[in-house]
Structure formats: structure tokens, C-alpha cells
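A look at the structure
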Amino acid sequence: MTLKPRYLLLNSYKRRTNKDKTKSLPRFLLPLQSYLNRNEKNMIVCIAEKPSVARDIADVLGAKNKKDGYIEGNGYQVTWTFGHLCTLKEPHEYTPSWKAWSLSSLPMIPPRFGIKLISDPGIEKQFRIIEGLMQNADEIINCGDAGQEGELIQRWVMQKAGAHCPVKRLWISSLTEEAIREGFNKLKDQKEFQPLYEAGLSRAIGDWVLGMNATRLYTLKYGQNRQILSIGRVQTPTLALIVKRQQEIENFTPQQYWVLATLYRETTFSAIIRKSDEELAQEESDAKENPKKAKKAEENRGIPPIIDLATGQALMERVKNVPFTVTEVAKKQGTEAPPRLFDLTSLQVECNKKFAYSADETLKLIQSLYEKKVTTYPRVDTTFLSDDIYPKCPNILAGLTPYTAFTAPLAGQKLIKSKKVFDNSKVTDHHAIIPTGQPPVNLTEMEKRVFDLVARRFIAVFYPDCKFATTTVIGEADSIEFKATGKQILDPGWRVIFAKPQTNLPEGMTDPDAEARESDEEHSLPAFVKGESGPHLPKLDEKWTQPPRPYTEATLLRAMETAGKLVDNDELRDALKENGIGRPSTRAAIIETLFKRHYIRKERKNLIATPTGIELVGLIREELLKSAELTGIWEKKLREIEKKSYDATTFLNELKQMVSEIVHSVLSDNTNRRVTAIEETATKAATPSTAKQPKKKTGTPRKNTSSATSAPAIPSDNELAGKTCPLCGKGTIIKGKTAYGCSEWKNGCTYRKSF
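Just so it is clear, the structure is predicted and the values come from calculations on it, not from any experiment.

What counts as what
Residues numbered from 1 in each chain as written. Predicted model: local features only at pLDDT ≥ 70, side-chain atom pairs only at ≥ 80, totals over all residues. Heavy atoms only, no water. Helix = DSSP H or I, 4+ residues; strand = E, 2+ residues; numbered from the N terminus. Buried < 20%, exposed > 50% of the residue type's maximum accessible area, 1.4 Å probe, protein only. Polar contact = N/O pair within 3.5 Å; in protein donor to acceptor, adjacent residues only side chain to side chain. Pairing = 2+ DSSP bridges. Axes fitted to C-alpha atoms, helices over the stretch in contact; angles between N-to-C directions. Parallel < 35°, antiparallel > 145°, perpendicular 65-115°, else oblique. Contact = heavy atoms within 4.5 Å. Nonpolar A, V, L, I, M, F, W, Y, C, P; charged D, E, K, R; others polar. Salt bridge = Lys/Arg side-chain N within 4 Å of Asp/Glu carboxyl O. Phe/Tyr/Trp six-rings, centres within 6.5 Å; stacked < 30°, edge-to-face > 60°. Lys NZ or Arg CZ within 6 Å of the ring centre and 35° of its normal.

Remarks on the side chain of Ser368
By the element assignment, Ser368 lies in helix H12 (residues 359-371). The exposure class of Ser368 is buried, given its relative accessible area of 19%. In this structure the side chain of Ser368 is engaged in a polar contact, spanning 2.6 Å, whose partner is the side chain of Glu447.

Okay, here's the thing in C-alpha cells:
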């Protein structure tokens, strides 16, 4: 037997013995194995999620020899994926009859789910390289993105490649050389991340089962003119939030009321208004939900709300000729802690408020900053740091050279360690987004703005609290009480970091913090003495109740985070996060999907549901499909699977049962209802055919597993030029040399459609 066939036979036996440790090599192969052991090192294959990360890891490991699809050296072969290489199979790949859309085939629930390679030449070529490396590897190190989706991406690739050797997991929060070295010194066994994988797999299967079945069900039952009605586990409740808010605004009836005030010693005092029974009941309910934030019970003093002009005029006449007397002067000192560090959602909210960046744009920018090694892992849902980060903070601060004016006072000092910042119990996989300490060089203007937010927040947490004094003065005229309040900043503390006006804003935008800064500045009251009295000038101002504001991307992200409950309190928001809909990393994609489906559009920064979106939500009677609160419960179960406190099989069985019930309910509807609101652009929804267009070999974007499954749509060759941009809703479509674009591209709109 020649050497080459014997070598191949040896590899075959090695694979068998790796699977079954009771087997041993035949005696005639032992000399060859001994020779190879003397002349070859064990080969370790590292697999990263994208080429740029693989290059960073290879540099640290000393692998310098670039090959086709991987980098080799020092006993390592470092390869990469392009995001998702594998996906769940299509319905017809389980049962051929499921290829045709038919109500009789629903629900489609395969007995066992399988994965397939995404059909793309670049992906197929890279996978074959990965498969070859893994077949001959002695050990694999999973260097995928340190999160639920990153775990799923690499597990599927290893399964498809038939990997059979031991697997370790690299788990890091930044891509600096120090972090990578530290991560390789603390490699973990992949078994520790089995619950993370099971949660990701459950999410993907759940989205497939609900998206595939519900989209076909509603399209066949209620659609017309070949219109696709796209339904998704997270997408549809999010659309329902927008529609509900829009209907609240449309159905709102303004109520007129009046405010009684008076001017005494150049200070405006407003009449104290008695709280209604509803307000008192709400305060009591809030106190039960969050006892720590409950206010002390106070006397419900003041006059009833003024809801008619005659009553207001009578009250003004009553106090006009009566002296104003100061009855109470109260001074109180307080402190305000620095704002919390950023998680992904709060960063997206801030960027939307300050710069009008979409959630998707912010995610791409902070991901780029992470890959440029200047910020830590971005797809996080905590605003806290673990205790082990504290010793590293002085060096991180020292690396923020553009902010020396703020970091210099902290140099050489013992840094503040607040429980509102450092808390191991509030950190799971990753900590809050912070700078790494690497110099922020070669950043775009948009990246600089986002980095600036992250850096200032980080510096601020090591500054003292802001100290202030509030003064409350109460006076009365003919037994009608009035109140005025003043504020004096005693020590700005952390506020000095945010005192400078924003100068790096997009063209045409004003500083969004200017008003907040003005309201935070001192508005001291004159010195008042209890018992003093004098003339005053009363006035009666007409007011109208205001409808709820339309959702912006910022407020919608907050609503998704708390399953539709809008709260301003950070602690209460943390409690509600457990039941939020979607994940921080997928919420931006969900909003983008609603734009692409033409279910929503933008008017300035406001999100407006289209007629099709409104009709679709009105059509859905199954609360499980459109309730943010109920969807939040499903999200909580997925998080519990990750924490090993809920069984993945139970979750999937419940989801399958729910889908079966929805199918039965819809099929029982004999009302002959149809969606009639069809817009010109609504036929351009994403489809399997468009989803499978050739992708660039350099990268494939992650598949959004939380959005509805794509469905066939009607192709259209209509001229786009001159129509309203379907992405931003503000600009118009313009025709370029190779593609259509948006006239608002200078202001950040990323719409582009190739010819």
C-alpha cells in the first residue's frame, strides 16, 4: 500500500476512534501515526464570524500564512463565516406538497427541523474550506460573536461540517489585543453554552413556525390581488403598537381647560390643582408596583381643575383685590447621579433623539466602532459593569486622549465605584457599552458622534453626583393656594461633562440638549419670608389637553423594550425588560422590516402606519399575534431557556399548539373579510426570490430570525423616479447611473435599489 492511500485510511480510522473511544487503530497503521505525531503539531481550527475578526485573532495567535479562506500558522488555522452560512430548510424541503400555498396544508409543522447551506456561490466555497479544516482538526475554538445569534451561527456550521473533535468557546467583550489574549487564556468548554444555543434554536424554530404558517394563512384567507400579508412573532405586535397609538391620536377629543396664575414680586405662582380620584388611584397602584419609588402620602390640597371659563373668571375676580400672602417656604437639598451607561437600546434611543439616526444606522455604527476596537461588544441589554472591569478603568480613561480635560482630574485618584454602575448581579453575558481605551482614530463623522456619546457617559460615572437645592414657596389669596419652585445648582459634579453645546450635529439640526440644559440651569427664586404679603397680578390662561405623541424610533424602541408600557424610571424599566419584545440586536431589523413591507412610513421623525398596516392589524382578531404583552411573555420564556430555568421542548410544544389554534380560528372565520388598502409600493415586499439574489462574497448579513418569513410577491417594473422614498418617507426617489436612490441621502437615508 502506498503512503497516500494509507494516510487517507489513517484519517478515516482517526475519525471513527474520535467518535468511539473503545476502538483503536489497526497495527499496520501505528508506524505511520507515530511518524505523524513526531512531525506534526496538533492543529487547532478557530472560526470567527467575519474575516476582519479572524484577522485580529490570527495576529494575536501568530498565524501569518494567508491561505484561501483561512490564515495558518503556529499550530492554528483561523477561518471565518460571513454571518449566517446555514438556515432552516424551506417548507417544501420537508414535504414537497408544501411548496404550493394552500390552506389545506396548514399548519406546517415538520416532525424534525433541519438546516441547509444558504444557496450562494461565495458561501458554498467558504463552507467547503471550513468543512475540510474541521474534518482534520484536533480541536475547534468557536470564536463567533459572543451572543445568542453568534452561538447559533457557528453551531449550525459545525453541525453541517460534521465536526467531531472537542470544541472550546472564546468569549470576549472587545476585540483589543489584550482582550483576545485574555480570552484565549480563559477558554471555556462549549457545553457551558448549550442553553444559549438551545434558546437561539428555539427562537429560530419559533419564528419559522409562526412566520411561515401565519403569513400563508392570512395571505390566502384575507389577501387579494396577489398581495402578501406578512405576519411575524415580533413584527406584528410592533406594528400593532404603532397602529394603536395612531388610533388613539385620531380618536382623541381635545378638552379645553384654564390655568389660574398670579405674578407676585416678579415671580409667577400657579394655582395648586387638586388631584382627581383617578390620579390618586394610579399613584397608589404605582406605589404597590414599585414601593422604593413611592412618594409619601400628602394632603390633596388645591382647587378642582378649571374646565369652564366662567369658573376661572370668578376665581380670578375673587383673588384680584385680595393681598397675596406667603404661607410656606421650604428648602431642600438633593443629589442627582450620573446617567447610566449605554446598552444597545438606550444608545439607539439617544442617537435617534440627538442625530435622527435610525435604530438600524446606530447598530451599524456601534458595530463598526466595536470592530475598530474602540468600543466594547454592542449587542447588550445591561447598563452595568462587572466588578472585574473596575481595575481596568484607569487605563481606559487614560486612553481617551481627546477628553483629557475631563479625565485629567481623575488621574491618580481612587475612582468612584458606585453600585449603580458596578453590579455583578446585573451582568450576564456582557457588560454595558464602554470605550476600550484604544485611540479613536480613522472614524467617520457619524462614528465620532456615537463614540462621543459612549465616551462621555463612561467618564461621567466616575464624577461626583450633581448637588442642587430646591426651594418651594406656597402663598394664598382668599384661601386659594398658589405655588412656585426654584432650583439652584450647588455643585455641577458630572454635569460639567455635558455642559458644552453639541457642535458636530448633522446639517440643519439644532442641539437637542439645549432646552434640557436650560431647564437644568439655575432658576433661583427671590428670598421670600413666611408671612410677607403684598399686591399681585392674577391671570387666566386658556389651555387644551394634548393627544399622545406619535411614536418615533426612540419611543418605539422603549415601548418594545417594556412590552408597550412607557416608563421613565430606570429601575421599573429594568423589571419590565424581562418581558420586552424582540432582542436588542433584532429590534432595529424589525422596524426596518415594517418599512420594507410598507406597513409604516416616516413623517419627519414620526412613525406613521400606512392604510395597509392599519387594515392588517384590524383584521387580526387573535390577540396572541398582536399583543405586545403576550409576545413579551414568549420572550421571557426564551430568556429563561438561556438561563436553564425553562425547557426548550416545552416552549416549542406550546408554540406549535398556539399556531394550530390560530390556524383553526382563522379557518373558522366565515365573514369574507379582505384587506383592501393596497398601496402602489406595497407589492415590493421581500420574497424568497429576492432574498436569494447573489450576495457579495465578502459578506452576508445576518438573517433576521425575529422577522416574518419571506413570501412571494408580485414583481413590478414601474418607474420609481419621483415617488416618495419608502424608507425615510421624506425624500423622493432619484435615478442614478446604476441604481435608484433617495434625495435625502445627504441626511442619512440609505435607500438604494439596483437597476
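Considering the pairing of strand S11 (residues 267-271)
Of the two faces of S11, only one is covered, namely that formed by Thr267, Phe269 and Ala271; the face formed by Thr268 and Ser270 stays uncovered. Alignment of strand S10 (residues 256-264) against S11, held across four bridges, turns out to be antiparallel. Bridging across to S11, Leu263 finds its partner in Thr268. Remark: two residues form the turn of the hairpin made by S10 and S11, two consecutive strands paired antiparallel; Arg265 in that turn has positive phi of roughly 50°. Across two bridges, S11 lies against strand S14 (residues 480-491) in antiparallel orientation. Within S14, the position partnered with Ser270 by the bridge is Lys483.

A word on the packing of helix H3 (residues 51-61) against helix H6 (residues 177-185)
Where H3 meets H6, the closest approach of the two axes is 10 Å, and the angle between their N-to-C directions is 70°. By the criterion of interaxial angle, the relationship of H3 to H6 is roughly perpendicular. Along the contact surface, H3 presents Asp56, Ile57, Val60 and Leu61, while H6 presents Glu177, Ile180, Arg181 and Phe184. The class makeup of the residues in the contact of H3 with H6 is five nonpolar, no polar and three charged.

A few points about the pairing of strand S1 (residues 44-48)
Counting buried residues in S1 gives five out of five residues, a clear majority hidden from the surface. In terms of strand pairing, S1 meets strand S7 (residues 139-143) through five bridges, oriented parallel. Its bridge partner lying in S7, Cys46 is registered against Ile141.

Digging into the pattern of salt bridges
Enumeration over the complete set of coordinates arrives at 36 salt bridges. Among the charged side chains, a salt-bridge network with shared partners connects Arg203, Asp207, Arg233 and Glu635.

Some thoughts on the packing of aromatic side chains
Evaluated as defined, the whole model comprises 20 aromatic pairs. Between the aromatic rings of Phe458 and Phe462, the centroid separation amounts to 5.2 Å while the plane-to-plane angle is 80°, which identifies the pairing as edge-to-face. Both residues of the pair, Phe458 and Phe462, count as buried. Through pairs of rings, three or more aromatic residues link up here, namely Tyr264, Phe269, Phe324, Phe482 and Phe528. Arg169 extends its terminal NZ or CZ atom over the ring of Phe193, reaching a point 5.8 Å from the ring centre. The ring centre of Phe468 lies 4.8 Å from the NZ or CZ of Lys487, which sits over that ring.

Any functional reading would require information beyond the geometric quantities listed.
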